[in-house]
Each structure stands twice: as C-alpha cells, then as structure tokens.
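Survey of secondary and tertiary structure
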Amino acid sequence: AISMACLVNGLALAGLDMENCEQFCNGRPAEEEAACMAECQASTVERQPAAVRTYMEVLFCIVVPFFQLITAALIYTFPVKGERLEAIYRGQADRFQVTAAVVGLTAAPEGRDDVVVLASARG
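Since we're looking at a predicted model, the values are computed, not measured. (Residues numbered from 1 in each chain as written. Predicted model: local features only at pLDDT ≥ 70, side-chain atom pairs only at ≥ 80, totals over all residues. Heavy atoms only, no water.)

Okay, the packing of helix H1 (residues 2-14) against helix H4 (residues 50-76) next. It is at 8 Å that the axes of H1 and H4 come closest, and there the two elements cross at 150°. Classified by the angle their axes make, H1 and H4 are roughly antiparallel. Helix-helix and strand crossings are classified by hand; for H1 and H4 the assignment is right-handed. Residues Cys 6, Leu 7, Gly 10, Leu 11 and Ala 14 of H1 form the contact with H4, whose participating residues are Ala 51, Val 52, Tyr 55, Met 56 and Leu 59. Class assignment for the residues of the contact of H1 with H4 results in 9 nonpolar, 1 polar and no charged. (Axes fitted to C-alpha atoms, helices over the stretch in contact; angles between N-to-C directions. Helix = DSSP H or I, 4+ residues; strand = E, 2+ residues; numbered from the N terminus. Parallel < 35°, antiparallel > 145°, perpendicular 65-115°, else oblique. Left-handed = near helix turned anticlockwise from the far one by under 90°. Contact = heavy atoms within 4.5 Å. Nonpolar A, V, L, I, M, F, W, Y, C, P; charged D, E, K, R; others polar.)

Structure (structure tokens):
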C-alpha cells in the first residue's frame, strides 16, 4: 500500500496527465471506436511531460532493482542452518508436545522429540 501511494503520488508530482479514453470514445460507432481508442491512447502518451518519463526511468532502472537486490539478499540468507535451525526445531517440538498433552495425543516415538504422532488421536 505504501509503495502504491509513493508510485501514484510520484506520478502526480511529475505531472502525469491522463484522459479516460473509454469515456472519450464512448457512443461512437463500433468501427470507429477502436481507432478512437488507439488515437486517444497515443495522444495521452505524447502529451506527458518529460518529468513523467524521467520518473518512470528512475523507478524502473534504480528503485526497482534496488529492492530486488534487497529481496535477493533476504532470499540468500533464508536457508536456515546450524544453531538457528536447531532452535526452530526445539521450539516446534516444545509447542507440538504441549499441544499433544493438551488434546491427549501420544508422545513422540523414542528418540524423536521433534515428531508428534497425530494418528493415535483418532483411535
């Protein structure tokens, strides 16, 4: 939502001038409507100030790649390994064992504290 607000407000500040081509061409005969739409859209693009083009170029060439690099860095660090993974396993095992005790499930098999047997609850 914040990114959309920044995008729309940035376009407005850059001077984006839009026209509703569907409304403009509404009521014309069907054979003229397609040509009217194409002409209206082309004129809408042509009358935009240079600041709009610059804004879009900066957005797509600098801002978007910056956030893609941040996303790539987060994805690269995602594979949880070592102590962090063990801490997650211990936390999950503790939570599921508590859940098993509350609902009356059997304990995990011998030597497998990270597993809770759910099938025995149905008998």
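Below, the discussion takes up helix H3 (residues 30-46). Residues spaced three or four apart along an α-helix point in a common direction, a consequence of the helix completing one turn every 3.6 residues. When the terminal C-alpha atoms of H3 are compared, their 25 Å separation across 17 residues agrees well with the 24 Å that a helix rising 1.5 Å per residue should span. Those residues of H3 that sit buried are Cys 36, Cys 40 and Thr 44. The buried residues of H3 occupy an angular sector of 65° when projected down its axis, which confines them to one face. H3 presents Glu 31, Ala 34, Ala 35, Glu 39, Val 45 and Glu 46 as exposed residues on the side facing more than 90 degrees away from its buried surface. Residues of H3 that are buried sit in contact with helix H2 (21-25). (Expected span 1.5 Å × (residues − 1). Buried < 20%, exposed > 50% of the residue type's maximum accessible area, 1.4 Å probe, protein only. Arc of directions from axis to C-beta.)

It is worth stressing that arrangement in space is one thing and function is another; only the former is reported here.
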